[in-house]
Amino acid sequence: MIVRDYTCFIVDDEDLIIQRLELFFHELSLRDRRFHLVGKANNGLEGIEEIVKLKPDIVISDIVMPRMDGISMIEQLKPTLPRTQFILLTAYSSFEYAQRAIQANVLEYIVKVPLREADLNRALDKAAGILNEVKKKEAEFQSLNVSVLENKYRVRKQFFNELIRGEIPSHRASDFANRMQFHFFQANYRCFIVEMNMYESFRNDYSASDQNILRYAITNIIEETVMNGGSGVAADLSDNRFIGFLSWENNRSDLETEYDCQALGGQIVSHLHQYLNQRVSVAFGGPHRGWESIKQAYTEAHNVSDDFYYHTEKVVKTPMHRFHYHNDKKEEFQQKLADFLAGVKRKVSKEELEKAFADLNHFVTNYKIHKSIMAPMLQDLYRDITAKFKTGNSLATDASEFPMKFMTFREQLAFIGDFTFEYVHTGQLLHRVEIMSAMRFIEKNLKQRLTLEAIAEEVNLAPSYFSSLFKKTMNEGVISYINRKKIQLALELLNVQDYSLLELCEEVGIVNEGYFCKLFKEYTGDTPKQYRIKMTRYESK
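1. Things to note about the packing of aromatic side chains
Across all of its chains, the model carries 20 aromatic pairs by this definition. Measuring from ring centre to ring centre gives 5.5 Å for Phe192 and Phe284, while their planes differ by 40°; the resulting arrangement is tilted. Of this pair, Phe192 sits in strand β6 (residues 188–196) while Phe284 sits in strand β9 (residues 280–289), and the two are 92 residues apart along the sequence. Judged by relative accessible area, which is 0%, Phe192 ranks as buried. We classify Phe284 as buried; its relative accessible area is 0%. Taken together, Phe159, Phe160, Tyr189 and Phe245 form an aromatic cluster joined through their ring pairs. In this structure, Lys368 packs its charged tip against the face of Tyr310, placed 5.9 Å from the ring centre. The cationic tip of Lys368 hangs over the ring face of Phe323; the distance from NZ or CZ to the ring centre is 4.8 Å.

Rendered as structure tokens:
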């Protein structure tokens, strides 16, 4: 059984009573380490200021004090600190005080002349019992909430995947919609696809459990954004994709709809970057009505999302702004790839490679070839390079590891470029030099908010290739490595002095306090507060 610690605070205008209570807590700590005195104040106004700052579990306060009495102080604190337990001390047996104490929901009412330790022990045990029960119920409620929400999103994911594959008849879809209160499908609606940019890096940099948490959060933010502008629903689809449906109550012209789709897509992109630091692109299909059209609505949005292949990131696409593809240029581009392969020599320079890939990119900028045709050609190029330089090359096993599926055209080209340079110069261990440079850059800028793109740019590698190379070399994703280093820095800081949570976050460059606490506990097993308490005990021995 885990024993909880409880922080306590004293408010009394009599120095003798404060000294008596300080001695009581000192002696109590020798036999019962649950209760820790964290502060004291001489009146209600001073007490409010310190208690709001420290947020103690238990407050022991006198009633009659100058400037503000104890009950008035408690009445002001209750809305802010609903879980804090209050114990009142009094030298007066007044019905008025007792009545006000009951109305303020005070835990215990103790006569302080004489002040008996047995009464204090009993009151503290009672407070601990209530706090434990509150904690238990909150945990159960939170677990129930999370379980219900996770099941809801899991069911939605399965439903929409089966629906767009045509595996669910319309009458079953209608029944499900009624249960989930998806009434908007009977009105005009549009399907949209949200695609995560740089998904290979996402898979390399986050653990499976963190990926699931982020996918759940992404779905939630997409849906909340949609609901702010109309009616709709969102669901995790598969891999790097999420599906959504939205409907507006009033009829709109094509121009108004185009504007509204661009605005909503922009909000989704902005919110996911702002709240989760995730880059996404959004593609909308055309207008539809009824359950029977859902598969077609999805197909339209999916086709529009194919254009993401030739964008970088954070793009909003609609049917009105599609690319025109020149698939008839396939053979001409294949010849260019063959010429490039023939020209690659064992001692090719970085500059020569960059110029060759720039020429390929220039051709495709003018004559875009659909992803379904282009991606396999680049896959073949990757394999041809490994075959050409296979003899005596220790990197030959990399040939099957080209993560092309979730990359854009430019990412694939940059990945092949960086890989080719390293591959044809095998023996120079270039990747180790670049990883060491990245580690030094991270160490130097650990207090900043580091991004994969900034680090990759620093070592002159494509982000996707750098992410893959870092994990292969270090057996750890870039983000995981950075987070571990940040928590190590936080531990070093806490070993020197007691920082507040906000100060710690600022020192290690993590904006979100909740995320920092999660990481801290994940790496140490304790919250920052628990860790500091343990350190204080260790130092006092």
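2. Observations regarding the sheet that holds strand β7 (residues 231–238)
Across the sheet, which stays open at both edges, the 5 strands sit in the order β7-β8-β6-β9-β10 with mixed pairing between neighbours. At either end of the open sheet lies a strand with only one pairing partner, and these are β7 and β10 (316–317). Seen against the sheet, helix α8 (residues 208–229) touches β6, β7 and β8 (241–247) and runs at an angle of roughly 160° to β7. Running at roughly 145° to β9, helix α9 (residues 254–276) makes contact with β6, β8, β9 and β10 of the sheet.

3. Describing the packing of helix α12 (residues 350–366) against helix α14 (residues 409–424)
A pair of packed helices is characterised by two quantities: the angle between their axes and the separation of those axes. At a closest axis distance of 10 Å, the pairing of α12 and α14 adopts a crossing angle of 160°. Taken together, α12 and α14 sit at an angle that is classed as roughly antiparallel. α14 is crossed by α12, and the crossing has right-handed handedness. Contacts between α12 and α14 involve Lys350, Leu353, Phe357, Leu360, Asn361 and Val364 from the former and Phe409, Arg410, Leu413, Ile416, Gly417, Asp418, Thr420 and Phe421 from the latter. Here the residues of the contact of α12 with α14 are counted per class, giving 8 nonpolar, 3 polar and 3 charged.

The rules behind each value
Sequence order sets the numbering: in each chain, residues are counted from 1 along the sequence as written. pLDDT decides what is reported in this predicted model: residues at 70 or higher carry local features, side-chain atom pairs at 80 or more are listed and counted, and totals for whole chains, interfaces and linings draw on all residues regardless. Remark: hydrogens and water are excluded; side-chain values derive from all non-hydrogen atoms of the structure. Side-chain rings of Phe, Tyr and Trp (the six-membered ring for Trp) are treated as a pair once their centres are within 6.5 Å; stacked means planes under 30 degrees apart, edge-to-face means over 60, and tilted covers the remaining angles. Helical segments are the DSSP runs of H or I of at least four residues, strand segments are the runs of E of at least two, and each set is numbered from the N terminus. Relative accessible area decides the class of each residue, using a 1.4 Å probe on protein chains only: under 20% of the type maximum gives buried, over 50% gives exposed, and in between gives partly exposed. By definition, being over a ring means that NZ of Lys or CZ of Arg is both within 6 Å of the ring centre and within 35 degrees of the ring normal. A pair of strands counts as paired when DSSP detects no fewer than two bridges linking them. Note on contacts: a residue pair qualifies if any of its non-hydrogen atoms lie within 4.5 Å across the two residues. Angles here are taken between N-to-C directions and fall from 0 to 180 degrees, while the axes themselves are lines fitted to C-alpha atoms, restricted in helices to the stretch in contact. By definition in this entry, angles of less than 35 degrees are roughly parallel, angles greater than 145 are roughly antiparallel, angles of 65 to 115 are roughly perpendicular, and the rest are oblique. Handedness of a helix crossing follows the sense of rotation of the near helix relative to the far helix, less than a right angle counterclockwise being left-handed and clockwise being right-handed. Amino acids outside the nonpolar list (Ala, Val, Leu, Ile, Met, Phe, Trp, Tyr, Cys, Pro) and the charged list (Asp, Glu, Lys, Arg) are all regarded as polar, and Gly is one of them.

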